[in-house]
Amino acid sequence: MVLKDLKVYLIGMPGSGKSTFGNALAQQLAYTFVDLDASIEEKEQASIPEIFAHKGEAYFRIVERECLLETASLEQTVIATGGGAPCFYNNIQFIKEQGVSIFLNTSIEELAKRVSQQQGQRPLLPQQEKEELMEELQKKYALRLPYYQQAQFSLNEAEQSVEAVLKLLGR
Ligand SMILES: Nc1ncnc2c1ncn2[C@@H]1O[C@H](COP(=O)(O)OP(=O)(O)OP(=O)(O)O)[C@@H](O)[C@H]1O
Ligand SMILES: O=C(O)C1=C[C@@H](O)[C@@H](O)[C@H](O)C1
Ligand SMILES: [Mg+2]
């Protein structure tokens, strides 16, 4: 595998660990780390909840798509995408063409635990009881799985180690 221009795209549900794992992986590879949600916030000079509240989801998805397309010019970068990013337009196709795609397939139970500790930061997952949150996550997961599953690699929680990914990348 030619590593010079390599990009690694991490996809998965909110709370699956894309930002945390992405940072650790980038550090090991001596790559740059880019968080697509942060790129959107910078471009719009507004937080994600503010963009959803003032401009709506359709607008957010357009900006998300623009920020994703801008990653084409990057090299040696690990990119954490937003939870919904691969599921709109033909974003998953673009991701697969541009680099190595990895689906962090974290369990719903673990997602619920993590997301409930970060209430208020996710406009599509409003504050709710654990049971309701699990149901909501389960529904979203079912709808999104056909997109996430198109990733080149899929890692469950036990497989989500930097060492395992370095092996997949032939390092
Ligand atoms: N392997 C892990 N074990 C335990 N907790 C973790 C792990 N990875 C991430 N977390 C915690 O779970 C929460 C969500 O992680 P993170 O922000 O990396 O997920 P994300 O996929 O980037 O979410 P988002 O879609 O909101 O950007 C954070 O509080 C983080 O500290
Ligand atoms: O799951 C989603 O659709 C989202 C996840 C976040 O990463 C943000 O991109 C935004 O809150 C939307
Ligand atoms: Mg993140």
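As annotated in an unreviewed UniProt entry, the chain is Shikimate kinase from Rapidithrix thailandica. Quoted verbatim from the Subcellular location (unreviewed entry) heading of the UniProt record, the comment on the chain is "Cytoplasm".

Caption draft 1: Region of interest: the packing of helix α6 (residues 108-116) against helix α7 (residues 130-148). Put simply, α6 and α7 touch, their axes get as near as 9 Å, and they point 120° apart. In terms of axis orientation, α6 runs oblique to α7. Judged by the sense of rotation from one axis to the other, the crossing of α6 with α7 is right-handed. Residues Ile108, Glu109, Leu111, Ala112, Val115 and Ser116 of α6 lie in contact with α7, whose contacting residues are Lys130, Leu133, Met134, Leu137, Gln138 and Tyr141.

Caption draft 2: Structural detail: a negative patch on the surface. Taken together, the side chains of Glu129, Glu131, Glu132 and Glu135 make up a negatively charged region of the molecular surface. Within the secondary structure, Glu129 is located in the loop between α6 and α7.

Caption draft 3: Geometry of the site of ligand 2. Around ligand 2, the surrounding shell consists of Pro14, Asp37, Ile48, Phe60, Arg61, Glu64, Gly82, Gly83, Gly84, Pro123, Leu124 and Arg144. Residue Arg61 places a side-chain N or O atom 2.7 Å away from an oxygen atom belonging to ligand 2. A distance of 3.1 Å separates an oxygen atom of ligand 2 from a polar atom in the backbone of Gly83. Here ligand 2, which alone exposes 310 Å², has 92% of that area covered by the protein. Sort the elements by how many residues they give to the shell around ligand 2 and helix α4 (residues 57-70) lands first, with three residues.

Caption draft 4: How the structure looks around the site of ligand 1. Met13, Pro14, Gly15, Ser16, Gly17, Lys18, Ser19, Thr20, Asp37, Arg114, Gln118 and Arg122 make up every residue found near ligand 1. The side chain of Arg114 places a nitrogen or oxygen atom 3.4 Å from a nitrogen atom of ligand 1. Isolated, ligand 1 exposes 630 Å² of accessible area, and the fraction of that covered by the protein chains is 63%. Residue contributions to the shell around ligand 1 peak at three residues, all from helix α1 (residues 18-29). The class makeup of the residues in the shell around ligand 1 is two nonpolar, six polar and four charged.

Caption draft 5: Quick peek at the pairing of strand β3 (residues 77-80). Side chains Thr77 and Ile79 of β3 all project onto a buried face; the interleaved residues Val78 and Ala80 project onto the opposite face, where all are buried too. One ladder, built from four bridges, connects strand β1 (residues 7-11) with β3; its direction is parallel. Each residue of the ladder has a partner; that of Tyr9, found in β3, is Ile79. Taken together, the four bridges between strand β2 (residues 32-35) and β3 define a ladder with parallel strand orientation.

Caption draft 6: Up close: the pairing of strand β5 (residues 153-156). Every second residue of β5 is oriented toward a common face, the buried set being Phe153 and Leu155 and the non-buried set Ser154 and Asn156. Where strand β4 (residues 100-105) lies against β5, four bridges are found, and the strand directions are parallel. Across the sheet, Ile102 pairs through a bridge with Phe153, a residue of β5.

Here is what the cut-offs are and how they apply
Residues numbered from 1 in each chain as written. Chains lettered and ligands numbered in written order. Predicted model: local features only at pLDDT ≥ 70, side-chain atom pairs only at ≥ 80, totals over all residues. Heavy atoms only, no water. UniProt positions renumbered as here; feature names shortened; annotations may be inferred. Axes fitted to C-alpha atoms, helices over the stretch in contact; angles between N-to-C directions. Helix = DSSP H or I, 4+ residues; strand = E, 2+ residues; numbered from the N terminus. Parallel < 35°, antiparallel > 145°, perpendicular 65-115°, else oblique. Left-handed = near helix turned anticlockwise from the far one by under 90°. Contact = heavy atoms within 4.5 Å. Patch = residues over 30% accessible without salt bridge, like charges linked within 9 Å, V, L, I, M, F, W, Y side chains within 5 Å. Areas by Shrake-Rupley, 256 points an atom, 1.4 Å probe, with all protein chains shown as cover. Salt bridge = Lys/Arg side-chain N within 4 Å of Asp/Glu carboxyl O. Lys, Arg positive; Asp, Glu negative; His and termini not counted. Charge placed at Lys NZ, Arg CZ, Asp CG, Glu CD. Near = heavy atom within 4 Å. Polar contact = N/O pair within 3.5 Å; in protein donor to acceptor, adjacent residues only side chain to side chain. Nonpolar A, V, L, I, M, F, W, Y, C, P; charged D, E, K, R; others polar. Buried < 20%, exposed > 50% of the residue type's maximum accessible area, 1.4 Å probe, protein only. Pairing = 2+ DSSP bridges.

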